[in-house]
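Coordinates in review
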Amino acid sequence: YGTEEKFGNMIRSGSDIVSGDDQKDSLSNLPDFKTEDPAVSAQLVKWQTQWVKDYGIDYFRVDTVKHVENATWAELKNSLTEADPKFKMIGEYAGGGYAGNGGTLGTGEMDSDLDFDFNDQATSFVSGNISSVESFLTSRNAALNNTYMTGQFLGSHDEIGFKQNLITNKKMTEDAATAASLVAATLQITAKGQPVIYYGEEIGLTGENNYPYQTNRYDFDWSKVNDDNVTYQHYKKMLAIRNAYTDVFARGDRKSVAVSDEKGYDVVSRSYGGTKLYVGMNIKSAEQTVDIPVSESNGSVMTDLYSGKTYTVSNGKVSVAIPAAAVGGTVVLKKTGETSTGGSTGGGSYNPTQPTEPTKPTEPTTPTEPTEPSKPDNTTVTQNPDGTTTETMTETVKNDAGKEVSVTVTTD
C-alpha cells in the first residue's frame, strides 16, 4: 500500500497543504509529514533516534532543512544528543551560507549547513577576483565556530559541476578548467570549515545540471583512479596534508599573507597550537616565484609539504616557486623540524616521499631445500590404505546467535 495508507494522518492533505509555503507545501508533490503537529514530530524524532541507538550511526546529512520548522530540528537534535553526545548533523538549507541559514546554526538545531556561497566564490577566485574572495572569506571565518559551521562544496547533484561551469559559462577550454579546478580544490580543502567533496570531482568528473539527463549524476569511473590522473593525485596529496594537520585546518585561524589579482596568486597562513602552515595558490598557466613574508627567523628552512622542496628564510621572507595551475598550483610550507602541538587529532607530520639512493645488490645465496609447512595444532593427518592422506581441521566458531559450535573440514 502507499505512503498515505501506511502513515495515515501523519501525512499532510487537504487544507493542511498551503501552496507556496516552505514548510506546509508538498515539495515536488511528494507526500509530506505534518511536522508542525507535536504528535507527528515526536514520532519522527523517536524513530530516527532509535536508528542511531540500534545501528551506531555517526551523523545525519539532513535534506531540505528549510522545509521543516525550527522547533522540530531542535527537538531532534536534543534527542540525538541525549542518545549520543558526539552526534552531529550537517543540513542542506537550500541557498544558505554562513550569513543566511534560517536560524538553523548556533541555535541547537544543525551543527553545520552546506555552504551554497562557496562554489560561487571559488569560481570567482579562479577567474582572477582573488582579493574580493579573500575579503568574503575573512567575514566567513569570523562567523564560524564549533556550533556554527558550514561545509564548503564545489559541486553537487543539484548543481552544474564546478569544472563544467567553467567550460559552459566561463568559456574555458577543458584543460584550463581542469587546471583551475585543482586550485579551487586547494582553496576548498585548506579553507576554514568542512570540505564536502562531491563524488567524482576527485578524479576529474563533471557534468551539467540538465534535467532530465542530469549528466552531473554520472557513474563513478574507476578506470580514472590511477597514478597518471593529475586531479586524483592532487586530491590525494591535499587530503593527506589536511589529515596530517587536522587541528590546524579545522580549528586554526586563517590570515591573508600575500595576494595579487594581477599576478594571480594568493598566500594565506593557517596556524593552531604552535603549528603554522603557509598555503600558496597560483591560478596562472606558468610557474611564478613569490616572496612570501613569514614569521620564522632568518635561516629557517621551510619545506613544501606538497612537493618536498625546501626554501630558506632570508630578510624575513622566503622566495618560493609556486607551480603552474595545471600541475597543482599549490605549495604548503612548514618550518622544517617544527614539532606540531596541534592536539591529538591530526597533529602529526606529513613528509612527501623523497628519492633515496638505490641499495646495492647482495650476493646470491645457495638455495635451500624447501621444507614441509608445519600443520596447525587443530589439524590431524591420517594415512589411508591406498597410500593417500586425509587432513582434518576442526575450528570453534560463533554462529549468528552468538553460540559456539565446532566446524570440521576434511580434505584429501
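Preceding this section is the structure that the text describes.
Every chain is numbered on its own, with residues counted from 1 as its sequence reads. With the structure being a predicted model, the display of local features is reserved for residues of pLDDT at least 70 and the display and counting of side-chain atom pairs for 80 or more, all residues being used for whole-chain, interface and lining totals. Where side-chain values are given, they derive from all heavy atoms of the structure, hydrogens and water being excluded.

**Things to note about the sheet that holds strand β6 (residues 253–260)**
At least two bridges found by DSSP between two strands is the condition for calling them paired. In this text, helices come from DSSP runs of H or I with a minimum length of four residues, and strands from runs of E with a minimum of two, each type numbered from the N-terminal end. Strands sit in the order β6-β7-β8-β13-β10-β11 across an open sheet of six strands; the sheet is antiparallel. Each edge of the open sheet carries a strand with a single partner, namely β6 and β11 (310–312). When the angles between neighbouring strand axes are averaged without regard to direction, this sheet yields 25°. Relative to strand β7 (residues 265–272), β6 runs antiparallel, the two being bridged by seven bridges. Note that in β7 the partner of Ser260 across the bridge is Tyr265. By definition in these notes, contact holds between two residues if any of their heavy atoms fall within 4.5 Å. All axes are obtained by fitting lines to C-alpha atoms, using only the stretch in contact for helices, and the reported angles, taken between N-to-C directions, cover 0 to 180 degrees. Packed onto the sheet, helix α7 (residues 174–190) meets β6, β7, β8 (275–282) and β13 (330–335) and runs at close to 155° relative to β8.

**A word on unusual backbone geometry**
For the bond from Tyr211 to Pro212, the omega torsion is 5°, close enough to zero to count as cis. Its place among the elements puts Pro212 in the loop between β5 (194–196) and α8 (230–244). A positive phi angle, near 45°, is found at Gln214, a position not held by glycine. Of note, Gln214 is situated in the loop between β5 and α8. The exposure class assigned to Gln214 is buried, which follows from its relative accessible area of 12%. A positive phi angle, near 55°, is found at Asn315, a position not held by glycine. Within the secondary structure, Asn315 is located in the loop between β11 and β12 (317–322). Exposure categories follow from relative accessible area, calculated using a 1.4 Å probe and restricted to protein chains: below 20% of the type maximum is buried, above 50% is exposed, and the middle band is partly exposed. By relative accessible area, which is 69% here, Asn315 ends up exposed.

**Overview of the side chain of Ser260**
Examined against the element boundaries, Ser260 turns out to sit in strand β6. Polar contact is defined as a pair of N or O atoms within 3.5 Å, subject to the rule that within protein one atom must be able to donate a hydrogen and the other to accept it, and that residues adjacent in sequence are counted only when both atoms are side-chain atoms. A polar contact of 3.0 Å, which involves the side chain of Ser260, links it to the backbone nitrogen of Lys263.

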